[in-house]
Amino acid sequence: MIALETIHIDLIDRTMGSRRVDPAWVNTIAETIIAGADVAPIDVIEDGDRYRQIVGQHRLEAAIAADEVTIEARVFPADHFASEDEITLHQLQENMVRRQLSVLDRAISIESMKDIYERQHPNAAKHGGRRVKAADDNQAAKLAACFSETAQATLAMSERSIQRALKIAAAFDPAARKALALLPISDIQSDLETLAGFKPKDREALIKLLADDANEIDRLSDAMDRHFKRVKPPKMSSVEVASVVFEKLETKDRFAFFDTHADEIDAWMASR
């Protein structure tokens, strides 16, 4: 039976999940704890005389940062989950509903859920007795046939959103995911999709440019300019912009401009 208990933090074995711990988010939660606000309980599994944390990594780190000795937790019996896959599914489903999950985190979570689903359903290539016609390398299309109905019901996401998330996750290996995890681009779906579309060498170079603080590059477009050596036209001053527009005016429109600004023109002529 699942029980809500207050347990000593020293008795909890932390689980480092696939997501990187965001120090800024930990600090935010810690400040909330120090201010006396309630924080949702973490999830742990009984493990002899100790507990294994499975959900609430940021909340646990925040409690430690706030010098808390105990923490509220939902305690699951040791035999509650049938396998490690079931534990992972529980973690993914809990994380998916939390607002701080980035676009990249969400994509990786959906990919993990797909992997577990396919392990649990060896005949996932079939759907209702019908073999999927998609190419073997088209994992998104395969998911649409054998997994998306389950995913849509669980995650409240459209089939297209699931497919897009899988394409993002498939493009980035563990090293790339780690490098991107805390960067602004990790929560910009259009940029992640653009980055995923590049050849591996170009993608790796762009990630390095974005991840290196010395480059002071936050936007993918700026990284692309640097990597592909695209030259930006110099920024024109407001006077130069006005001149370009003025040169395109017909004579009658130029005269109308002079009439509109006659006082300024007279003052300028007098000052010469």
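Conventions adopted
- Throughout, a residue's number is its position along its own chain's written sequence, starting from 1.
- Only residues with pLDDT of 70 or above have their local features reported here, since the model is predicted, and side-chain atom pairs are shown and tallied only from 80 upward, although totals for entire chains, interfaces and linings are computed over all residues.
- With hydrogens and water stripped out, all remaining heavy atoms of the structure feed into the side-chain values.
- Each helix is a run of DSSP H or I of at least 4 residues and each strand a run of E of at least 2, with the numbering of both proceeding from the N terminus.
- In this description, contact between two residues means that some pair of their heavy atoms is separated by no more than 4.5 Å.
- Accessible areas in this description were obtained via Shrake-Rupley with a 1.4 Å probe; residue shielding takes into account the shown protein chains only.
- We call two strands paired when DSSP finds no fewer than two bridges between them.
- In what follows, salt bridge is the name for a side-chain nitrogen of Lys or Arg lying within 4 Å of a carboxyl oxygen of Asp or Glu.
- Residue burial is assigned from relative accessible area. The probe radius is 1.4 Å, only protein chains are included, and a residue is buried under 20% of its type maximum, exposed over 50%, and partly exposed in between.
- Exposure above 30% relative accessible area and no salt bridge define the residues that can form patches, which grow by joining like charges within 9 Å and nonpolar side chains of Val, Leu, Ile, Met, Phe, Trp and Tyr within 5 Å.
- Helix axes are fitted to C-alpha atoms over the stretch in contact, other axes to C-alpha atoms as well, and angles between N-to-C directions run from 0 to 180 degrees.
- Oblique is the label for any angle not under 35 degrees, not over 145, and not in the 65 to 115 range, which are roughly parallel, roughly antiparallel and roughly perpendicular in turn.
- By the definition used in this description, the sense in which the near helix is turned from the far one sets the handedness, with an anticlockwise turn below a right angle giving left-handed and a clockwise turn giving right-handed.
- Think of it as three bins: nonpolar holds Ala, Val, Leu, Ile, Met, Phe, Trp, Tyr, Cys and Pro, charged holds Asp, Glu, Lys and Arg, and polar takes everything else, Gly as well.

Asks: Can you lay out the overall build of the protein chain for me, pointing to particular residues and giving the numbers?
Replies: Within the protein chain one finds 14 helices and seven strands. Across the protein chain, the fraction of contacts at a sequence separation of at least 24, relative to all contacts at a separation of at least 6, is 66%. As displayed, the protein chain offers around 17100 Å² of accessible surface, 51% of which is attributable to carbon and sulfur atoms.

Asks: Could you give an account of the sheet that holds strand 5 (residues 70–76), with specific residues and numbers?
Replies: On the basis of which strands lie adjacent, the open sheet formed by five strands has the order 1-5-3-4-2 and mixed pairing. In this open sheet, the two edge strands, each paired with only one partner strand, are strand 1 (3–8) and strand 2 (12–13). In this structure, strand 1 lies alongside strand 5, joined through six bridges in antiparallel fashion. Pairing of Ala3 across the sheet is with Val75, part of strand 5.

Asks: Explain the pairing of strand 3 (residues 42–47) to me, and be specific about the residues and the numbers.
Replies: The sheet contact formed by strand 3 and strand 5 spans four bridges and is parallel. Residue Ile42 lies in a different strand from strand 5, and its bridge partner there is Ala73. In this sheet, strand 4 (residues 50–55) lies alongside strand 3 in antiparallel orientation, the contact comprising five bridges. Considered in strand 4, the bridge of Val44 is made with Gln53. Connecting the antiparallel pair strand 3 and strand 4 is a turn made up of two residues, with Gly48 showing a positive phi of about 65 degrees.

Asks: Pulling in residues and values, what's your account of the pattern of salt bridges?
Replies: Summed over the entire model, instances satisfying the criterion amount to 10 salt bridges. Glu84 is paired through a salt bridge with Arg52; the nearest N and O atoms lie 2.9 Å apart. Placement of the pair is Glu84 in helix 3 (residues 84–96) and Arg52 in strand 4, with a sequence separation of 32 residues. What makes Glu84 partly exposed here is its relative accessible area of 45%. Between Lys208 and Glu204 there is a salt bridge, and its shortest N-O distance comes to 3.6 Å. Of this pair, Lys208 and Glu204 both sit in helix 10 (residues 200–211), four residues apart, which is roughly one turn of the helix. Taking the relative accessible area as the measure of exposure, Lys208 reaches 55% and is therefore exposed. With relative accessibility at 45%, the residue Glu204 sits in the partly exposed group.

Asks: Now, about a nonpolar patch on the surface: what can you tell me, with residues and values included?
Replies: Residues Met236, Val241, Val244 and Val245 make up a contiguous nonpolar surface patch of about 300 Å² in total accessible area. Counting through the fold element by element, Val241 comes out in helix 12 (residues 238–247). With a relative accessible area of 37%, Val241 lands in the partly exposed category.

Asks: So what about the packing of helix 7 (residues 159–171) against helix 9 (residues 189–196)? Which residues, and what values?
Replies: Orientation of helix 7 relative to helix 9, taken along the N-to-C sense of each, is 50 degrees, at an axis distance of 9 Å. As summarised for this structure, helix 7 and helix 9 are arranged oblique, according to the angle between their axes. Considering the relative orientation of helix 7 and helix 9, their crossing is left-handed. Across the interface between the two elements, Arg164, Lys167, Ile168 and Ala171 from helix 7 touch Gln189, Leu192, Glu193 and Ala196 from helix 9. Partitioning the contact of helix 7 with helix 9 into residue classes produces four nonpolar, one polar and three charged.

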